[in-house]
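Observations on the three-dimensional arrangement
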Amino acid sequence: MSVVDDDEDVDFKVEFISNGNTGKTSINVPGPNDSIIHDQGVKFIGKGRDLRNGTTVVVSRIRNPLPIEEEDTIKVYFYINNHLLAQADNPDVIPHSNHKSETDVSDIHLFIKFPAI
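Attention in this report is confined to the structure presented alongside it.

What counts as what
- Residues numbered from 1 in each chain as written.
- Predicted model: local features only at pLDDT ≥ 70, side-chain atom pairs only at ≥ 80, totals over all residues.
- Heavy atoms only, no water.
- Buried < 20%, exposed > 50% of the residue type's maximum accessible area, 1.4 Å probe, protein only.
- Helix = DSSP H or I, 4+ residues; strand = E, 2+ residues; numbered from the N terminus.
- Pairing = 2+ DSSP bridges.
- Salt bridge = Lys/Arg side-chain N within 4 Å of Asp/Glu carboxyl O.

**Concerning the pairing of strand S2 (residues 22–28)**
Covered by surrounding structure in S2 are Gly23, Thr25 and Ile27 only, the residues Thr22, Lys24, Ser26 and Asn28 on the alternate face being uncovered. As paired strands, S2 and strand S3 (residues 35–38) are joined by four bridges and run antiparallel to one another. When the sheet's bridge partners are listed, Lys24 is paired in S3 with His38. Connecting the antiparallel pair S2 and S3 is a turn made up of six residues, with Gly31 showing a positive phi of about 100 degrees.

Next comes the structure, spelled out in structure tokens:
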């Protein structure tokens, strides 16, 4: 992901990849403009300059009630301004995925620091 400009609008997106997911994502940004995404969707979370003042914390609780025979994985992608978030800017890293044999509910925590320009 590239650095966002000071005046750039920043959107956060949750996309369910596996069938049957439901969930809630809470987005805590520096300042008073926190957001919630029910299931999947996109929310404006602020301007670039306002997000540099601290860490943005995202907590998702994703549930997949389908029988394991119908869906065996909980897979979720997260985006900032339509850029898929992956670890250490490595395009080979798959965003969040876990097998339902482990659990049918996933708690996902992201800590996002927007770097200075």
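**Structural notes on the pattern of salt bridges**
In total, this model carries four salt bridges according to the counting rule given. For Asp7, the salt bridge goes to Arg49, with nearest N and O atoms at 2.4 Å. On the criterion of sequence distance, the pair formed by Asp7 in the segment before strand S1 (9–16) and Arg49 in helix H1 (residues 48–51) is long-range, its members being 42 residues apart. Residue classification places Asp7 among the exposed positions, given a relative accessible area of 56%.

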